[in-house]
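Residues per chain, in single letters:
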Amino acid sequence: MASSKGSILGMLLLLPAALAVQNNTSGPSPTFAQPQGYSTKVYNVSAATSTLSYDYTNEELAMLWNQVGKIAVGPVTTTVSPTPEPSAYPRPGAFHAQSPITDISINSATLPDDFMWGLASSAYQIEGAAKDEGKGPSIWDLIAHRDYGAVSDNSTGDIVASHYWLYKQDFARLAKLGVPYFSPSFSWPRFFPFGDGPVNMQAVAHYDDVIASMVANGIKPAVTLFHWDTPLALFNSYGAWTDPRIVDDFFNYAKFVISRYDAYVPVWFTFNEPQYCNWQYMYYPAGNAKGNYPSYHNITGGLKARIACSHYTILAHAKVAKWYHEEFKGKGRITFKNSGNYYEANNTSSAADVDAVARNFEFVLGWFGGCWRDGDYSAMLKSTLGSMLPTFTAEEKTLIKGSCDFFAIDAYTGYLASGIKGGSAACASNSSHPSFPECASSSSLAADGFALGPSADNEMSWLYSTPIGIRRFLNKIPKLFPTISDIVVSEFGFAEPFEGKQTSLANILWDLRRSDYYQGFLDNILLARNVDGVNITGAFGWAIYDNFEWFSGSSVKFGLQYLNQTSLERVPKASMFQFLDWFKAKGGARIKGAGNATVPLM
């Protein structure tokens, strides 16, 4: 044993010398020659600040689609000529009446002939044909395919209703039903596949015929220019709505579309719900672990993304609106569609709850309310956000002020507002507070724990049927913004509970809770107008049929028509007849016959 220990000790003593010889530490360090003819650079992917540029080639467009992945193709791949609509549609009533009027005081009340009403939807949610006829990918093509798990049922907008190919039949259906207005959105990445650069002439030909087909059916378009489908190339290039260059790129797109179609479009909405910067855009996967696109300006989401997105959206709208009236001399009216709901103090005797109402309204509607005020952010936003909030120049404030012709509101539900623990002042001075920056709470439950109204589908946990709330909201809006001339309810609708799980078409068509929602909301819109004296000039139901509902996918149903996602058949539900019968009884605009649209050639 002793001999063995001595051998091991000797080996350990010799080890450093052996390693020194092996590593040649006493010799010269190796040198490497630099081959001639090569430029050099140190790369740092986390420091991406310069922008990508495109040459607008077919190969680059293909690479953009490769960034998205495989796109599904539906059963229809070319424009379909309409077939005759039936003389009548199956409708409810044999053993169960439709929802009754909610206030008999308006039995004889009516609407004027110029009251706009109709149905609405958006390009990504119904068009399908995602990759066809030169269209570029939008951010939502990327999210649905690459932001794994973002969409609850993993569905996409690749096919949905294929309205891109079936629009002629859809318009024939609306005309037969007597719907005088349709409010779609147009697809920015169809017109400009890269967001800027050359116009895609296949998209121009398509939307030429969309407008012409509406006019031929006597339907008036109320067109939204942007419904969240920002061209993906602009995210790759400079970060899209976190960069000021987006203002001119959006203006370039909007100017083209408006210049071409203004003669036939009486209403333009520049943006659908700019408040999406809060509850959607700030969650986009910019430069994070999923690595879907670069994070320019060191903005990977969150409050920074919300603030930048909101700021440049306000400026983009204002630039388009001022050009429309002052330079282009447009024939119609222009504004944007607000997303907002009604708030009422949970306890009117509580100063904290009353304050919560004001803060909820200000951080939803007031953030974008400069066009009805002085063009600037409010004192509440400035004091809360401080240096995080960009400033508008005097010229920009002039641009923003007065840039909305009327107030459009997508109003779906109502809430009770409450103060938060510790108070709003302490929260507003602490940007790390979980309730920052709103620093207010809201709930769909009454003080006794009873829901404020019947609930929608569980995927839409925020949505309850609160018809009295819409009347109170429409009375509140002119108090928030006294300079507005009139209000259009640009969207309202309801997701029937568990409809996506139903397998019987007969059961799907009897959407009683949605029917009740429309009767109650329409009655209260009429009460606000005819009894309370609020100048309400239009109302649009959401949606023309079942569609893709963003992060909730295709399993949630808002449609007044059922959509068979295999055959693409559309079938009117009970709610459609509730909606139509209401306007048949109360008046409003009427289809006055077909016409012809001659869109000028480029």
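For the structure, see preceding data.
Residues numbered from 1 in each chain as written. Predicted model: local features only at pLDDT ≥ 70, side-chain atom pairs only at ≥ 80, totals over all residues. Heavy atoms only, no water.

Peer 1: Help me understand helix 2 (residues 58–68), please; the structure alone is not making it clear to me.
Peer 2: At 3.6 residues per turn, the α-helix brings residues three or four places apart onto the same side. Listed in full, the buried residues belonging to helix 2 are E60, L61, L64, W65 and V68. One side of helix 2 carries all its buried residues, which in axial view fall inside an arc of 145 degrees. In this structure, helix 2 carries E59 and M63 as exposed residues pointing more than 90 degrees from its buried face. Summarising the contacts, the buried residues of helix 2 are in contact with helix 4 (139–146) and helix 8 (232–238). Two residues or fewer after helix 2 comes G69, characterised by a positive phi angle close to 115 degrees. (Buried < 20%, exposed > 50% of the residue type's maximum accessible area, 1.4 Å probe, protein only. Helix = DSSP H or I, 4+ residues; strand = E, 2+ residues; numbered from the N terminus. Arc of directions from axis to C-beta. Contact = heavy atoms within 4.5 Å.)

Peer 1: What should I look at first to understand the state of the cysteines in this one?
Peer 2: Simply put, disulfide is the name for a covalent bond between the sulfur atoms of two cysteines. Tallying each qualifying case throughout the model produces two disulfides. A disulfide bridge connects C277 with C309, and the sulfur atoms are separated by 2.0 Å. Across the S-S bond linking C277 and C309, the dihedral sits near -60 degrees, which makes this disulfide left-handed. Here C277 is found in helix 10 (residues 276–279), whereas its partner C309 is found in helix 11 (residues 302–327), with 32 residues between them in sequence. In this structure, C277 and C309 share a single accessibility class: buried. In this model C427 forms its disulfide with C439; the gap between the sulfur atoms is 2.1 Å. What sets the handedness of the C427 and C439 disulfide is the S-S torsion sign, and at about -75 degrees it is left-handed. Remark: C439 occurs in the loop between helix 15 (424–428) and strand 9 (441–443) and C427 occurs in helix 15; sequence separation between them is 12 residues. Accessibility classification places C427 together with C439 in one group, the buried group. (Disulfide = S-S within 2.5 Å.)

Peer 1: Explain the packing of aromatic side chains to me, please; I cannot follow it from the model alone.
Peer 2: Remark: the centre distance and the inter-plane angle together describe each pair of aromatic rings, the angle taken between the planes. Applying the stated rule across the entire model yields 69 aromatic pairs. Taken together, a centroid distance of 6.0 Å and an interplanar angle of 75 degrees make the contact between W140 and F548 edge-to-face. With W140 in helix 4 and F548 in the loop between strand 11 (536–542) and strand 12 (561–563), the pair connects residues that are 408 residues apart, well separated along the chain. Among the residues examined, W140 registers a relative accessible area of 0% and is labelled buried. Judged by its relative accessible area of 0%, F548 falls in the buried class. Their ring planes at 75 degrees and their centres at 5.9 Å tell us that Y412 and W462 sit as a pair that is edge-to-face. With Y412 in the loop between strand 7 (407–410) and strand 8 (414–418) and W462 in the loop between strand 9 and helix 16 (467–480), this pair connects stretches of sequence that are 50 residues apart. Y412 sits in the buried class, given a relative accessible area of 8%. When the ring centre of F269 is taken as origin, the NZ or CZ atom of K337, which lies over that ring, is 5.7 Å away. Geometry around Y545 places R570 over its ring, the cationic atom sitting 4.5 Å from the centre. (Phe/Tyr/Trp six-rings, centres within 6.5 Å; stacked < 30°, edge-to-face > 60°. Lys NZ or Arg CZ within 6 Å of the ring centre and 35° of its normal.)

Peer 1: How should I be thinking about the sheet that holds strand 2 (residues 181–183) in this particular structure?
Peer 2: In a beta sheet, neighbouring strands are held together by backbone hydrogen bonds and run either parallel or antiparallel to one another. Pairing in this closed barrel of eight strands is parallel, and the strands run 1-2-3-4-5-7-10-11 around the ring. Between one strand axis and the next, the sheet turns by 25 degrees as a mean value, whatever way the strands run. By the bridge criterion, five bridges tie strand 1 (residues 116–120) to strand 11 in an arrangement that is parallel. Looking across to strand 11, one finds that G118 is bridged to F540. (Pairing = 2+ DSSP bridges. Axes fitted to C-alpha atoms, helices over the stretch in contact; angles between N-to-C directions.)

Peer 1: Where do I start with the sheet that holds strand 6 (residues 342–345) in this structure?
Peer 2: Spatial ordering of the open sheet is given by 6-8-9, a layout of three strands whose pairing is mixed. With partners counted over all chains shown, the strands left at the sheet margins are strand 6 and strand 9, one partner each. Taking the axes of each pair of neighbouring strands and ignoring which way they run, one obtains an average angle of 40 degrees across the sheet. The pairing of strand 6 with strand 8 spans four bridges and is parallel. By the bridge assignment, Y342 is partnered in strand 8 with G414. Of the strands in this sheet, strand 6, strand 8 and strand 9 touch helix 12 (residues 351–364), which is tilted by about 165 degrees from strand 6.

Peer 1: Would you explain helix 12 in this entry?
Peer 2: Between its terminal C-alpha atoms helix 12 stretches 20 Å, which fits the 20 Å expected from 14 residues at 1.5 Å a residue. For helix 12, the set of buried residues is D353, A356, V357, R359, N360, F361, E362, F363 and V364. (Expected span 1.5 Å × (residues − 1).)

Peer 1: So what exactly am I meant to see when it comes to the side chain of K586 here?
Peer 2: Assignment of secondary structure puts K586 in helix 19 (residues 574–586). A polar contact of 3.4 Å, which involves the side chain of K586, links it to the backbone oxygen of A109. What K586 contacts, discounting residues up to four positions off in sequence, is I101, I106, N107, S108, A109, T110, L111 and L526. (Polar contact = N/O pair within 3.5 Å; in protein donor to acceptor, adjacent residues only side chain to side chain.)

Peer 1: Would you mind showing me how to read the packing of helix 9 (residues 245–261) against helix 11 here?
Peer 2: Geometrically, a packed helix pair is captured by the angle between its two axes and the distance between the axes. Between helix 9 and helix 11, whose axes approach to 9 Å, the crossing angle comes to 35 degrees. Like other packed secondary-structure pairs, helix 9 and helix 11 cross with a definite hand, here right-handed. Judged by residue contacts, I246, V247, D248, F250, F251, A254, K255, I258 and S259 of helix 9 engage Y312, L315, A316, K319, V320, W323 and Y324 from helix 11. Partitioned by chemical class, the residues of the contact of helix 9 with helix 11 number 12 nonpolar, one polar and three charged. (Left-handed = near helix turned anticlockwise from the far one by under 90°. Nonpolar A, V, L, I, M, F, W, Y, C, P; charged D, E, K, R; others polar.)

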